[in-house]
Amino acid sequence: MKIDVLKNHDHRLAPARIQAFRAGQQVSVPKKTAEQLIAAGAAKPVTAEKE
């Protein structure tokens, strides 16, 4: 799932694994990770623009 990162956020993948997301990035992440970042207010989903 593609998301726009709105604010800097460190996401814990496992006890000793952290992935850092920085504001302004557009990244593709697994759906579960995207949902957690969106719920935390750190990201928003990228929507396809219809012409």
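Summarised in this report is the structure supplied together with it. (Residues numbered from 1 in each chain as written. Predicted model: local features only at pLDDT ≥ 70, side-chain atom pairs only at ≥ 80, totals over all residues. Heavy atoms only, no water.)

Comments concerning the side chain of Thr-33
Turning to step 1, where the next piece is worked out: With respect to the helices, strands and loops of the structure, Thr-33 is situated in helix α1 (residues 31-39).
Turning to step 2, where the next piece is worked out: Other than its neighbours up to four places away in sequence, Thr-33 contacts His-11 and Phe-21. (Helix = DSSP H or I, 4+ residues; strand = E, 2+ residues; numbered from the N terminus. Contact = heavy atoms within 4.5 Å.)

Side note on the side chain of His-11
Turning to step 1, where the next piece is worked out: By the element assignment, His-11 lies in strand β2 (residues 9-14).
Turning to step 2, where the next piece is worked out: Of note is the side chain of His-11, whose polar atom sits 3.1 Å from the side chain of Gln-36.
Turning to step 3, where the next piece is worked out: Apart from the residues within four sequence positions on either side, His-11 is in contact with Arg-17, Ile-18, Gln-19, Phe-21, Thr-33, Gln-36 and Leu-37. (Polar contact = N/O pair within 3.5 Å; in protein donor to acceptor, adjacent residues only side chain to side chain.)

Thoughts on the nonpolar core
The nonpolar side chains of a soluble globular protein tend to be buried, and buried together.
Turning to step 1, where the next piece is worked out: Of all hydrophobic cores here, the largest spans 8 residues; its members are Ile-3, Val-5, Phe-21, Val-27, Val-29, Ala-34, Leu-37 and Ala-43.
Turning to step 2, where the next piece is worked out: Elements with a contribution of two residues or more to this core: β1 (2-5) and α1.
Turning to step 3, where the next piece is worked out: Setting aside residues no more than four positions away along its own chain, Val-5 makes contact with Phe-21, Arg-22, Ala-23, Gly-24, Gln-25, Val-27, Ala-42 and Ala-43. (Core = buried A, V, L, I, M, F, W, Y, C linked by side-chain atoms within 4.5 Å. Buried < 20%, exposed > 50% of the residue type's maximum accessible area, 1.4 Å probe, protein only.)

So, the sheet that holds β1
Turning to step 1, where the next piece is worked out: The strand order β4-β1-β5 describes an open sheet built from 3 strands, whose pairing is antiparallel. A single partner strand is all that each edge strand has here, and the edge strands are β4 (26-28) and β5 (43-45). Across the sheet, the mean angle from the axis of one strand to that of its neighbour is 35°, orientation sign disregarded.
Turning to step 2, where the next piece is worked out: In the sheet, β1 pairs with β4 via 3 bridges, with the strands oriented antiparallel. Bridging across to β4, Lys-2 finds its partner in Ser-28.
Turning to step 3, where the next piece is worked out: Sheet strands touched by α1: β1 and β5. Its angle to β5, the strand with the most contacts, is close to 125°. (Pairing = 2+ DSSP bridges. Axes fitted to C-alpha atoms, helices over the stretch in contact; angles between N-to-C directions.)

These values are about where atoms sit, not about what they do.
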